[in-house]
Amino acid sequence: MDQIVIRGGQRLKGRIPISGAKNAALTLLPCALLTDEPLTLRNLPRLADVDGFGHLLNQLGCSTTIEGSRPEDFGRVMTARATTLTSTVAPYDIVRKMRASILVLGPLLARAGEATVSLPGGCAIGNRPIDLHLKALEAFGAEIELASGYVKAVAPGGRLAGGKFTFPVVSVGATENAVMAAVLAKGTCVLENAAREPEIVDLCNCLVAMGAHIEGIGTETLTIEGVDRLHGATYRVMADRIEAGSYACAAVITQGDVELVGAKASEMEATLAALREAGATIEDTKGGIRVAMSGRAQPVTLSTAPYPGFATDMQAQFMAMATLGTGASLFTETIFENRYMHVPELARMGCDIQVKGRTAVVRGVDHLIGAPVMATDLRASMSLIIAGLAAQGQTEVNRVYHLDRGYERLEEKLQAVGADIERISAG
Ligand code: UD1
């Protein structure tokens, strides 16, 4: 298995191009199932999960072609066309490897009137149910059965009727599935307390470009008036605000100065506010955002929350940053119950972190010492990279496949701003 080796202590300086957003790409790709015309997505990141999703689409009878497959190309273009669906089943073998596969449930149900999807596994960050996905679809008229580890959903008469659903807690995935199911309903579907993440705005904008009628985009109430059919479109995937925030943390911990090219400040205000709290200077530039830091980070108090709150996907990276802070930082994880798996690994590098239930207190230390560490999930892996960039000596991050799920050409982007980092290929 590949390994990433970092010799820490280099100050990051320069420009980092931000890729298309993984979490947007993985909800835009299933939109191709909603029409018999081609959907072309630009600025797709080169990531294992995007390729995996392409394979899932192929299994359902949707063809995919990719331009920009050369290693030096950033921002690939994929055209997906589901002229006719040949299957409405997302099998266990695919879904267990890629949790986002659950996002074919809504579109298959909308287009074919039925869908059978394996219950997902995915990242080991706590118990991740899908009951809200199913309840929203039921509210729109779907009949749902669970059997042998699969969800089978049917729209009586081949089409969802419409209806109203209020989410008891904000769910990104369930909002995405419900919106994709609703766009081809016979009637009107209303979602209340819907997630408002920028990736959901991206999804809604793409669906509107395909002919969907959606009101309230970017708010917690989405009203979707079903249409008889959608058409093809060409759509550009938004910039990855989590990737941008991760590199911002790397810049702060190394007391560096980087420009995150392509990042949009309006989509990551909670992250930028937290960086300012830590003492960073943040400026809008023509092409993105500049993050500069001198001295050690000041302590932060952060609690994860649905957008526009502080993203759970940024918690691990900020925690790594806080390990070299000047005082005690306090973190509260409210979205997932088991998202501190990076803590024991960070401790191997000399961090002082105490976890109690959903909170963690990080006391800044003078220095970290490189160590062999193991990635446990995508964002946890990034926290180890961030710590490694500032640690004395060598850090070896194992199980790099987690990083490959979410960070396009990580080592290349970091090398270009001065990091001493390399991938050691197993093969
Ligand atoms: C969540 C994050 C998202 C992040 C992603 C990957 C939020 C609101 N969501 O999205 O930002 O990119 O993880 O790390 O921050 N839940 C249920 N039943 C359901 C679905 C969800 O109880 O059917 C609960 C979950 O257990 C969790 C909360 O709702 O506590 C939010 O989950 P959800 O937003 O659906 O998770 P993801 O879509 O994976």
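Here, every reference points to the structure presented above.
This write-up is about the structure you can find in this document. (Residues numbered from 1 in each chain as written. Predicted model: local features only at pLDDT ≥ 70, side-chain atom pairs only at ≥ 80, totals over all residues. Heavy atoms only, no water.)

This part takes up helix α6 (residues 172–182). Within α6, 10 of the 11 residues are buried, which leaves the element mostly enclosed by the surrounding structure. For α6, the complete set of buried residues consists of G173, A174, T175, E176, N177, A178, V179, M180, A181 and A182. (Buried < 20%, exposed > 50% of the residue type's maximum accessible area, 1.4 Å probe, protein only. Helix = DSSP H or I, 4+ residues; strand = E, 2+ residues; numbered from the N terminus.)

Grouped together as the largest cluster of nonpolar side chains are 80 residues, with contacts concentrated most on L34, L191 and L207. In this structure, V252, I253, A297 and L368 belong to the second largest nonpolar core, which totals 73 residues. (Core = buried A, V, L, I, M, F, W, Y, C linked by side-chain atoms within 4.5 Å.)

A few words now on the pairing of strand β20 (residues 352–356). Bridge analysis of β20 against strand β21 (residues 359–363) gives five bridges, and the strand direction is antiparallel. Bridge pairing links K356 to T359 in β21. Between β20 and β21, which pair antiparallel one after the other, the connecting turn spans two residues, and G357 there sits at a positive phi close to 60 degrees. (Pairing = 2+ DSSP bridges.)

The mixed open sheet is built from four strands, whose spatial order is β22-β23-β1-β24. Where the open sheet ends on each side, the last strands, each with one partner, are β22 (372–374) and β24 (420–424). The average undirected angle you get between the axes of adjacent strands in this sheet is 20 degrees. In this sheet, strand β23 (residues 394–398) lies alongside strand β1 (residues 3–7) in antiparallel orientation, the contact comprising four bridges. Counterpart to V5 in the pairing with β23 is E396. With respect to the sheet, helix α12 (residues 378–390) is in contact with β1, β22, β23 and β24, its orientation differing from that of β1 by roughly 30 degrees. (Axes fitted to C-alpha atoms, helices over the stretch in contact; angles between N-to-C directions. Contact = heavy atoms within 4.5 Å.)

Further remarks concern the site of the ligand. Not every one of the 18 residues close to the ligand is listed here, only the nearest: R128, D131, S171, D313 and I335. Between the ligand and the protein, one listed contact pairs a nitrogen atom with a side-chain N or O atom of D131 at 2.7 Å. Measuring from an oxygen atom of the ligand, one finds a backbone N or O atom of I335 at 2.6 Å. Against a free-state accessible area of 710 Å², the protein chains account for coverage of 84% of the ligand. The element that contributes the greatest number of residues to the shell around the ligand is helix α5 (residues 131–139), accounting for three residues. Of the residues contributing to the shell around the ligand, the split by class is eight nonpolar, six polar and four charged. Split by domain, the residues of the shell around the ligand number at least three in each of domain 1 (3–18 + 239–424) and domain 2 (22–236). (Near = heavy atom within 4 Å. Polar contact = N/O pair within 3.5 Å; in protein donor to acceptor, adjacent residues only side chain to side chain. Areas by Shrake-Rupley, 256 points an atom, 1.4 Å probe, with all protein chains shown as cover. Nonpolar A, V, L, I, M, F, W, Y, C, P; charged D, E, K, R; others polar. Domains from an automatic or database assignment.)

Burial of the side chains of strand β14 (residues 233–236) is restricted to one face: A233 and Y235 are buried, whereas none of T234 and R236 on the reverse face is. With four bridges joining them, strand β3 (residues 39–44) and β14 adopt parallel strand pairing. Bridge pairing in β14 places L39 opposite A233.

So, about the packing of aromatic side chains. According to the stated counting rule, one finds three aromatic pairs in the structure shown. Arranged with centres 5.0 Å apart and planes meeting at 90 degrees, the rings of F165 and F167 form a pair that is edge-to-face. Like F165, the residue F167 is buried in the burial classification. Relative to Y407, the ring of Y247 lies with its centre 6.5 Å away and its plane at 75 degrees, an arrangement referred to as edge-to-face. A residue pair is termed long-range when its members are at least 10 positions apart, and Y247 in helix α8 (residues 241–253) and Y407 in the loop between α13 (401–404) and α14 (410–415) qualify at 160 residues. With respect to burial, Y247 and Y407 carry one shared label: buried. (Phe/Tyr/Trp six-rings, centres within 6.5 Å; stacked < 30°, edge-to-face > 60°.)

Time to look at helix α2 (residues 48–59). For α2, with 12 residues, the first-to-last C-alpha span of 17 Å sits near the 16 Å given by 1.5 Å per residue. Buried residues along α2 sit in contact with α1 (22–28), β3, β4 (63–67), β5 (76–81), β6 (89–90) and α3 (92–95). (Expected span 1.5 Å × (residues − 1).)

With that settled, consider the pattern of salt bridges. Within this structure, the stated rule accounts for 23 salt bridges. Salt-bridge contacts for R229 lead to D36; the nearest nitrogen and oxygen are separated by 3.1 Å. Here R229, found in the loop between β13 (221–225) and β14, pairs with D36, found in the loop between α1 and β3; they are 193 residues apart in sequence, far enough to count as distant. By relative accessible area, R229 is classed as partly exposed at 48%. Of the charged contacts in the structure, one is a salt bridge between R423 and E411, with a shortest N-O distance of 2.8 Å. Linking R423 in strand β24 with E411 in helix α14, this pair joins segments that are 12 residues apart in sequence. E411 sits in the buried class, given a relative accessible area of 14%. Salt bridges sharing common partners tie together D2, D404, E411 and R423. (Salt bridge = Lys/Arg side-chain N within 4 Å of Asp/Glu carboxyl O.)

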